[in-house]
Amino acid sequence: MRVLVVGGGGREHALAWKIAKSPLVKKVYCAPGNAGTASVAENIEIPADNVNALLQFATVTGIGLTVVGPEQPLVKGIVDSFEESGLRVFGPSQRAAEIEGSKVFCKDLMKKYGIPTARYESFDSLDQVKLFTKEDEPVVVKASGLAAGKGVILCSNGEEARSAVQSIMQEKAFGNAGNQVVIEEFLTGQEVSLLAFTDGKTVLPLDSAQDHKAAFDGDKGPNTGGMGAYSPAPVFTDELKQQVIDEIMIPTVRAMAKESRFYRGILYAGLMLTESGPKVLEFNARFGDPETQPIMMRIKNDIVPIFEACIDGILSTQTLQWKQEPTVCVVMAAKGYPDSYDKGKEITGLNLGENQQAVVFHAGTKLENGKVLTDGGRVLGVTAIGSDINQAIKNAYSAVDKIKWDGIHYRKDIGNKAK
């Protein structure tokens, strides 16, 4: 079978790396890919959101399975287009992907079906916000549309909230993603990510992971797309996991079906573990990044039959086997990320030799004249496994220390919460 992975980040490198190990797979293509995917797949110079060009390529090449990484093509309807052409594709339809494409839709869905989440209001004008915000109340302001994981601003009072809304709605800090905003109560606790496969009926959860959104150590600084992750998250006990499956994941899949938005693919719940129980911060319609990197390293079995079972509606026949050892992913970013940063810096030290404990998943990289250059904000996701969390952290940072370029930034505390 020929498999196409759509996307060009660390998530897609990890997916291509795992898919390439399947005995069912003859060849992997990645569009557009990066310098790392080139080692496990053939890169195709088609942007991830160019649905028509991807459809044409898949048809002509005889692609047997397409796995969609990023949210943009899903929200644009890539799954609908491929299915209408008789192609097998893993991911939710355009209507189902709105669970990520519109935070207003997502929050309204949870409210309607009693799925635990933060109290909220949605707005489409700054004047409405002035009436809602209280001077001494911390809140979270979110752009409703897609903002590459950066459209969330934590505000300690009403003045900061109004300033955040003005930045989003009037100054267009996140473009048209900010045409509507959601303001919700500030939840406290630990964040956990739970991803689950679903065929629209059965929900098959992956092991938990914990992302690190803030740019700097100690969860300081602006939100990013994610500066690192580890799996599993010890704070997320088996009892909590079952509670989330029963009270959040299954009810959400059923709710989407009732709304004529049959959901098939990966459902990603960003959770806050509050004193009153787990609550949904957001849903995503695809694999997380960087959570996918440590999760893929821990899955023991072939993942391709899982994709196929989701498409065929027979997910109940599948199981997942896990390595017990924990994994840690440290994101190496360009200095200045998530704001402005330079590209085109040569990266050295990528060859880890015989190191079987770490894998370097590329994100914002490109090949040019035989050299690997930086080509994005999040450049690499150095992912390692260890006998325990301390060893996994040590293995990851040992590999990080070998990699160099001009203007590196990374957090030095990834995984510490698991100790």
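Criteria and thresholds
- Residues numbered from 1 in each chain as written.
- Predicted model: local features only at pLDDT ≥ 70, side-chain atom pairs only at ≥ 80, totals over all residues.
- Heavy atoms only, no water.
- Salt bridge = Lys/Arg side-chain N within 4 Å of Asp/Glu carboxyl O.
- Helix = DSSP H or I, 4+ residues; strand = E, 2+ residues; numbered from the N terminus.
- Buried < 20%, exposed > 50% of the residue type's maximum accessible area, 1.4 Å probe, protein only.
- Pairing = 2+ DSSP bridges.
- Contact = heavy atoms within 4.5 Å.
- Axes fitted to C-alpha atoms, helices over the stretch in contact; angles between N-to-C directions.

Peer 1: Could you give an account of the pattern of salt bridges, with specific residues and numbers?
Peer 2: Following the criterion strictly, the structure yields 21 salt bridges and no others. Two residues, Glu184 and Lys142, come together in a salt bridge whose shortest N-O distance is 2.9 Å. Within this pair, whereas Glu184 is found in strand β9 (residues 181-185), its partner Lys142 is found in strand β7 (residues 139-143), the two being separated by 42 residues in sequence. No difference in accessibility class separates Glu184 from Lys142, as the two residues are buried. In this structure, the salt-bridge partner of Asp219 is Arg411, at a minimum N-O distance of 3.0 Å. One end of the pair, Asp219, is in the loop between β13 (214-216) and β14 (220-223); the other, Arg411, is in the segment after β23 (408-409), with 192 residues separating them in the sequence. Put simply, Asp219, Arg411, Asp413 and Lys417 are held in one network by salt bridges that share partners.

Peer 1: Could you give an account of the sheet that holds strand β4 (residues 65-68), naming the residues involved and the relevant values?
Peer 2: Ordered by their spatial adjacency, 5 strands build an open sheet running β3-β2-β1-β4-β5, and the pairing between neighbours is parallel. Every interior strand has two partners, whereas the edge strands, β3 (42-43) and β5 (89-90), have only one. Judged from the 4 bridges that link them, strand β1 (residues 2-7) and β4 form a sheet pairing that is parallel. Each bridged residue has a counterpart across the sheet, and for Val6 the counterpart in β4 is Val68. Where helix α1 (residues 10-19) meets the sheet, it contacts β1, β2 (27-32) and β4, and its direction lies at approximately 170° from that of β1.

Peer 1: Hey, could you go over the pairing of strand β20 (residues 365-368) for me, with residue numbers and the actual values?
Peer 2: Taken together, the 4 bridges between β20 and strand β21 (residues 371-374) define a ladder with antiparallel strand orientation. Following the sheet pairing, Glu368 is matched in β21 by Lys371. Counted between consecutive antiparallel strands, the loop separating β20 from β21 contains 2 residues, among which Asn369 sits at a positive phi close to 55°.

Keep in mind that these numbers describe shape and distance, not what the molecule does.
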